[in-house]
Amino acid sequence: MTALLLGVIFLLELAVLGSAGYWGFTLDAGWPLRLLAGLGAPLVIAVVWGLFCSPRATVTLPDPAKLAVQAACFLTGGVLLALAGHAVPGVALVALWAADKTALTLTGTPI
(Lines give C-alpha, C1' and ligand atoms only; values in the text may rest on other atoms or scores of the structure.)
Protein backbone atom coordinates (compact mmCIF):
# COMPACT_ATOMS: atom_id res chain seq x y z
CA MET A 1 0.00 0.00 0.00
CA THR A 2 2.80 2.42 0.86
CA ALA A 3 4.47 1.87 -2.52
CA LEU A 4 1.22 2.72 -4.30
CA LEU A 5 0.76 5.88 -2.24
CA LEU A 6 4.35 6.94 -2.90
CA GLY A 7 3.82 6.36 -6.62
CA VAL A 8 0.69 8.50 -6.57
CA ILE A 9 2.42 11.33 -4.74
CA PHE A 10 5.28 11.24 -7.24
CA LEU A 11 2.81 11.57 -10.10
CA LEU A 12 1.12 14.44 -8.28
CA GLU A 13 4.50 16.16 -7.91
CA LEU A 14 4.96 15.90 -11.67
CA ALA A 15 1.44 17.28 -12.13
CA VAL A 16 2.36 20.33 -10.04
CA LEU A 17 5.31 21.02 -12.33
CA GLY A 18 3.11 20.47 -15.38
CA SER A 19 0.41 22.80 -14.09
CA ALA A 20 2.96 25.55 -13.46
CA GLY A 21 4.34 25.17 -16.97
CA TYR A 22 0.86 25.06 -18.48
CA TRP A 23 -0.06 28.27 -16.68
CA GLY A 24 3.04 30.02 -18.00
CA PHE A 25 2.54 28.97 -21.59
CA THR A 26 -1.15 30.00 -21.56
CA LEU A 27 -0.54 33.55 -20.33
CA ASP A 28 -2.07 36.27 -22.45
CA ALA A 29 1.29 37.86 -23.17
CA GLY A 30 4.02 37.92 -25.76
CA TRP A 31 5.97 34.79 -26.61
CA PRO A 32 9.11 35.75 -24.61
CA LEU A 33 7.11 36.25 -21.40
CA ARG A 34 5.16 33.02 -21.92
CA LEU A 35 8.41 31.14 -22.50
CA LEU A 36 9.96 32.65 -19.37
CA ALA A 37 6.89 31.87 -17.23
CA GLY A 38 6.32 28.44 -18.78
CA LEU A 39 9.86 27.33 -18.04
CA GLY A 40 10.56 29.49 -15.00
CA ALA A 41 7.54 28.65 -12.83
CA PRO A 42 8.18 24.88 -12.84
CA LEU A 43 11.87 25.53 -12.30
CA VAL A 44 11.19 27.65 -9.21
CA ILE A 45 8.89 24.97 -7.76
CA ALA A 46 11.43 22.24 -8.56
CA VAL A 47 14.24 24.17 -6.87
CA VAL A 48 12.15 24.82 -3.75
CA TRP A 49 11.12 21.15 -3.66
CA GLY A 50 14.71 20.00 -4.11
CA LEU A 51 16.05 22.31 -1.43
CA PHE A 52 13.45 21.57 1.24
CA CYS A 53 11.23 18.57 0.43
CA SER A 54 13.11 15.89 -1.46
CA PRO A 55 14.49 12.83 0.33
CA ARG A 56 17.99 14.25 -0.26
CA ALA A 57 17.07 17.85 0.54
CA THR A 58 19.89 20.32 0.98
CA VAL A 59 18.12 22.07 3.86
CA THR A 60 16.74 19.83 6.59
CA LEU A 61 13.51 21.17 8.02
CA PRO A 62 11.46 19.96 10.97
CA ASP A 63 8.45 17.92 9.85
CA PRO A 64 5.82 20.67 10.29
CA ALA A 65 7.89 23.14 8.26
CA LYS A 66 8.57 20.56 5.56
CA LEU A 67 4.86 19.79 5.34
CA ALA A 68 4.13 23.52 5.06
CA VAL A 69 6.55 23.90 2.14
CA GLN A 70 5.02 20.86 0.43
CA ALA A 71 1.55 22.31 0.93
CA ALA A 72 2.69 25.66 -0.45
CA CYS A 73 4.07 23.98 -3.58
CA PHE A 74 0.85 22.08 -4.18
CA LEU A 75 -1.34 25.09 -3.44
CA THR A 76 0.74 27.12 -5.87
CA GLY A 77 0.27 24.47 -8.55
CA GLY A 78 -3.47 24.32 -7.90
CA VAL A 79 -3.84 28.10 -8.00
CA LEU A 80 -1.81 28.37 -11.19
CA LEU A 81 -3.96 25.71 -12.83
CA ALA A 82 -7.08 27.60 -11.73
CA LEU A 83 -5.63 30.84 -13.12
CA ALA A 84 -5.12 29.05 -16.42
CA GLY A 85 -8.86 28.41 -16.52
CA HIS A 86 -9.01 24.95 -14.96
CA ALA A 87 -10.29 25.50 -11.43
CA VAL A 88 -11.75 22.02 -10.89
CA PRO A 89 -8.52 20.19 -11.81
CA GLY A 90 -6.61 22.69 -9.64
CA VAL A 91 -8.78 21.91 -6.63
CA ALA A 92 -8.57 18.19 -7.42
CA LEU A 93 -4.77 18.35 -7.51
CA VAL A 94 -4.60 19.88 -4.03
CA ALA A 95 -7.31 17.56 -2.64
CA LEU A 96 -5.62 14.43 -4.02
CA TRP A 97 -2.31 15.53 -2.54
CA ALA A 98 -3.92 16.15 0.86
CA ALA A 99 -5.66 12.75 0.82
CA ASP A 100 -2.53 10.91 -0.31
CA LYS A 101 -0.32 12.73 2.19
CA THR A 102 -2.78 11.91 4.98
CA ALA A 103 -2.82 8.24 3.98
CA LEU A 104 0.98 8.16 3.85
CA THR A 105 1.21 9.75 7.30
CA LEU A 106 -1.24 7.18 8.68
CA THR A 107 0.93 4.37 7.32
CA GLY A 108 3.89 5.79 9.23
CA THR A 109 5.78 7.12 6.23
CA PRO A 110 7.96 10.08 7.21
CA ILE A 111 6.98 13.50 5.92
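Since we're looking at a predicted model, the values are computed, not measured.

A short note on the overall build of the protein
Helix and strand counts for the protein stand at four helices and zero strands. Starting at the N terminus, the α and β elements of the protein follow one another as α-α-α-α. Taken against the 2.2 N^0.38 rule, which gives 13 Å for 111 residues, the C-alpha radius of gyration of the protein at 14 Å falls within 12% of a compact globule. Structurally, the protein occupies a C-alpha span of about 45 × 30 × 20 Å along its principal axes. A burial count over the protein gives 32% of its 111 residues as buried. The contacts in the protein between residues at least 6 apart in sequence include a share of 56% that link residues at least 24 apart. With the model as given, the accessible surface of the protein reaches about 6,400 Å², and the carbon-plus-sulfur share is 78%. The distance from the centre of the 4 positive side-chain charges to the centre of the 4 negative ones in the protein is 7 Å.

A few points about the packing of aromatic side chains
In this description, an aromatic ring pair is defined by two values, namely the gap between the centres and the angle between the planes. Within the structure shown, the criterion is met by three aromatic pairs. Between Phe74 and Trp97 the ring centres are 5.1 Å apart and the planes differ by 15 degrees, which places this aromatic pair in the stacked class. Highlighted residues: Phe74 in helix α3 (residues 63–83) and Trp97 in helix α4 (residues 87–106), separated in sequence by 23 residues. Residue Trp97 is classed as buried on the basis of its relative accessible area, which comes to 8%. Three or more aromatic residues link up through ring pairs in this structure, and these residues are Trp49, Phe74 and Trp97.

Focus: the layout of surface pockets
Its volume calculated, the largest pocket comes out at about 310 Å³. In terms of lining, the largest pocket is formed by 16 residues, of which the most central are Leu6, Cys53, Pro55, Lys101 and Ile111. Taken together, the elements giving at least two residues each to the lining of the largest pocket come down to α1 (2–25), α3 and α4. Examining the composition of the lining of the largest pocket, we find that four residues originate from one element, α1, more than from any other. Of the residues that constitute the lining of the largest pocket, the class distribution is 10 nonpolar, three polar and three charged.

Calculation rules
- Residues numbered from 1 in each chain as written.
- Predicted model: local features only at pLDDT ≥ 70, side-chain atom pairs only at ≥ 80, totals over all residues.
- Heavy atoms only, no water.
- Helix = DSSP H or I, 4+ residues; strand = E, 2+ residues; numbered from the N terminus.
- Rg over C-alpha atoms; globule rule 2.2 N^0.38 Å.
- Buried < 20%, exposed > 50% of the residue type's maximum accessible area, 1.4 Å probe, protein only.
- Contact = heavy atoms within 4.5 Å.
- Areas by Shrake-Rupley, 256 points an atom, 1.4 Å probe, with all protein chains shown as cover.
- Lys, Arg positive; Asp, Glu negative; His and termini not counted.
- Charge placed at Lys NZ, Arg CZ, Asp CG, Glu CD.
- Phe/Tyr/Trp six-rings, centres within 6.5 Å; stacked < 30°, edge-to-face > 60°.
- 1 Å grid on protein atoms, 1.4 Å probe; cavity = no way out; pocket = protein on both sides within 12 Å on 5 of 7 lines; lining within 4 Å.
- Points joined across faces, edges and corners; volume = space filled by probe spheres on them.
- Nonpolar A, V, L, I, M, F, W, Y, C, P; charged D, E, K, R; others polar.

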